[in-house]
Amino acid sequence: MPSRNTIILAAGKGTRMRSKLYKVLHRIAGETMVEHVLTQIEQTDMDHIVTVVGFGADDVRKQLGDRTQYVMQEKQLGTGHAVLQTEPLLGEEDGMTLIMSGDTPLFRAETLQKLFDYHEAKGDVATVLTSIAPDPTGYGRLIRNDIGLVEKIVEQKDASVEEAAVQEINTGVYVFDNKALFDALHQVKNTNAQGEYYLTDVIEILKQAGERVGAYRMSDFSESMGVNDRKALATATKVMRRRINEMHMTNGVTFIDPENTYIDVNVKIGSDTIIEPNVQLKGNTVIGEDCYIGANSEIRDSTIADGVTVTSSFIEDSDMATGSNIGPMSHLRPESHIGEDVHLGNFVEVKKATIGNRTKVGHLTYVGNAELGTDINVGCGVVFVNYDGVNKHDSVIGDHVFIGSNSNLVAPLNVADHSFIAAGSTITNDVAKHDMAIARARQTNKADYWAKLPHKPEDK
Ligand code: UD1
Ligand code: CA
């Protein structure tokens, strides 16, 4: 049975990025470039996926896990040399091998599938995926003969003036007959401007051996772009962002300003949700239907149920149930679980806490390490005092409790159902069901204090 194989080249350092981070680990819309490539390949039908690693090998392995096999390229002697390192794993395979780079993050599975179909239909020994670049600088050029047949690929640094003027570029994606690929790779030499073993030389070698080599030209250059520097990283991010936002709009999500809304590739959003400008939805966030996500909100790795309103707030690693709302200017820190129809108002910070259905925390409050029941009213400026300087302690507040404004609840603490805490109290002892706790000095009024003043304010 002929097999279908993929090789991903990801061993380069990416000098042009000027970064401590290896090139293929730079992120676009929340995911590393090499992972974008792998995710698309996984949607085609492959028997073997092998990634060539070198610089940052451990980090790349950690990122991709067991979704691919790996081979090590100890010295980065060029793309041809990189592919040759896979010979122990793939050299004996009969079938087709797709080669891609880890720095071309925008290719879509449909395009790769079209390339395969074209390659199979033509029956050539190799097919190069090409596109027309408005500015081909930096790419290898596809050189065709008088009647349009593929002759070779010439790299930018080795191109004559005439060759450099060609706008049809090598996208760095190819399908080869596997055996022919490895035979040709052994003939590649490094006598070129960069002293590298170019994979691209395989095309000319196959041609000269009398084999048929074809090219499949894709229509959308932007999908084929390679990311070698930060400018290209920003351009690719923009293309990816537009693609993601268009997908959500197709699915029934309203964007007030899609050009200025930043959504990571794995985020899910339900229909009829409205998203205002400058919103950032990151990581594995899931947003339900009929939500309103107001301007400048940031939501990371959180689950927001249907009908939730988020107004200019920051939510991380938390969840909000149906009909709840938050903001403006509030913050859910990790492990906050917000119940149905809960209201969290202005300047409220919640951390590692559960808040029961219909509870209201309207203003200027910190809730940390706490479990709040249902139908509670938390007044303005309440502090859950959860930290004694060494350890964190928990508070448990029952259902239907009324917590007066400007109270401190010093944990560990249990406040039972239907109890009351008077405004301005510092509560250090548990409160029983139906009781009211007051913990503040009684007010005393000093009668006719004015008379005791040595200088009256109006004397000044
Ligand atoms: C390469 C192509 C060029 C094409 C362009 C498309 C070659 C010689 N040139 O150029 O024709 O237009 O991609 O984007 O193939 N890598 C290794 N080991 C190495 C060298 C590179 O694994 O020894 C990896 C890199 O990590 C990268 C990929 O191969 O992911 C491509 O290398 P890069 O240096 O970016 O090639 P380009 O100059 O972009
Ligand atoms: Ca590149």
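Residues numbered from 1 in each chain as written. Chains lettered and ligands numbered in written order. Predicted model: local features only at pLDDT ≥ 70, side-chain atom pairs only at ≥ 80, totals over all residues. Heavy atoms only, no water.

J.: Could you give an account of the UniProt feature "binding site: Mg(2+)" (unreviewed entry) in the protein chain, naming the residues involved and the relevant values?
T.: In the numbering used here, UniProt assigns the feature "binding site: Mg(2+)" (unreviewed entry) to Asp 103 and Asn 228. Spanning 126 residues, the named residues form one tight spatial group whose C-alpha atoms are at most 7.2 Å apart. Considered against the largest pocket, the annotated residues that line it turn out to be Asp 103 and Asn 228. Note that Asp 103 resides in the loop between β6 (95-101) and α5 (109-122). (UniProt positions renumbered as here; feature names shortened; annotations may be inferred. 1 Å grid on protein atoms, 1.4 Å probe; cavity = no way out; pocket = protein on both sides within 12 Å on 5 of 7 lines; lining within 4 Å. Helix = DSSP H or I, 4+ residues; strand = E, 2+ residues; numbered from the N terminus.)

J.: Kindly report on the pairing of strand β7 (residues 126-132), identifying the contributing residues and their values.
T.: Among the 7 residues of β7, 6 are classified as buried, and the element is accordingly described as predominantly covered. Where β7 lies against strand β10 (residues 168-177), 7 bridges are found, and the strand directions are antiparallel. Paired with Ile 132 across the strands is Glu 168, a residue of β10. For β7 and strand β11 (residues 213-217), the ladder comprises 5 bridges, and the chain directions are parallel. Bridge pairing links Thr 127 to Gly 214 in β11. (Buried < 20%, exposed > 50% of the residue type's maximum accessible area, 1.4 Å probe, protein only. Pairing = 2+ DSSP bridges.)

J.: Explain empty space enclosed by the protein to me, using residue names and the numbers behind them.
T.: Where empty space is left in the structure can be found by rolling a water-sized probe over the atoms. Counted by the stated rule, this structure contains 1 cavity of 30 Å³ or more. In this model, the largest cavity occupies a volume close to 30 Å³. For the largest cavity, the full set of lining residues is Lys 238, Arg 241, Arg 242, Pro 258 and Glu 259. In the lining of the largest cavity, the residues fall into 1 nonpolar, no polar and 4 charged. (Points joined across faces, edges and corners; volume = space filled by probe spheres on them. Nonpolar A, V, L, I, M, F, W, Y, C, P; charged D, E, K, R; others polar.)

J.: Mind laying out helix α7 (residues 178-185), listing which residues take part and the relevant values?
T.: With 6 of 8 residues buried, α7 is to be regarded as a mostly interior element. Along α7, the residues that are buried comprise Asn 178, Ala 180, Leu 181, Phe 182, Ala 184 and Leu 185. The elements touched by buried residues of α7 are β1 (3-10), α3 (79-84), α4 (87-90), β6, β10 and α8 (201-208). (Contact = heavy atoms within 4.5 Å.)

J.: I'd like a rundown of the site of ligand 1, residues and numbers included.
T.: Residues in contact with ligand 1 amount to 25 residues; listed here are only the nearest, Gly 12, Gln 73, Thr 79, Glu 155 and Asn 170. Within the backbone of Gly 78, one N or O atom sits 2.8 Å away from an oxygen atom of ligand 1. About the coverage of ligand 1: the protein hides 90% of its 760 Å² of free accessible area. Because more than half of its atoms lie within 2 Å of the grid, ligand 1 is assigned to the largest pocket. Going through the elements one at a time, β1, α3 and β10 are the ones with two or more residues in the shell around ligand 1. (Near = heavy atom within 4 Å. Polar contact = N/O pair within 3.5 Å; in protein donor to acceptor, adjacent residues only side chain to side chain. Areas by Shrake-Rupley, 256 points an atom, 1.4 Å probe, with all protein chains shown as cover. Sits in = over half its atoms within 2 Å of the grid points.)

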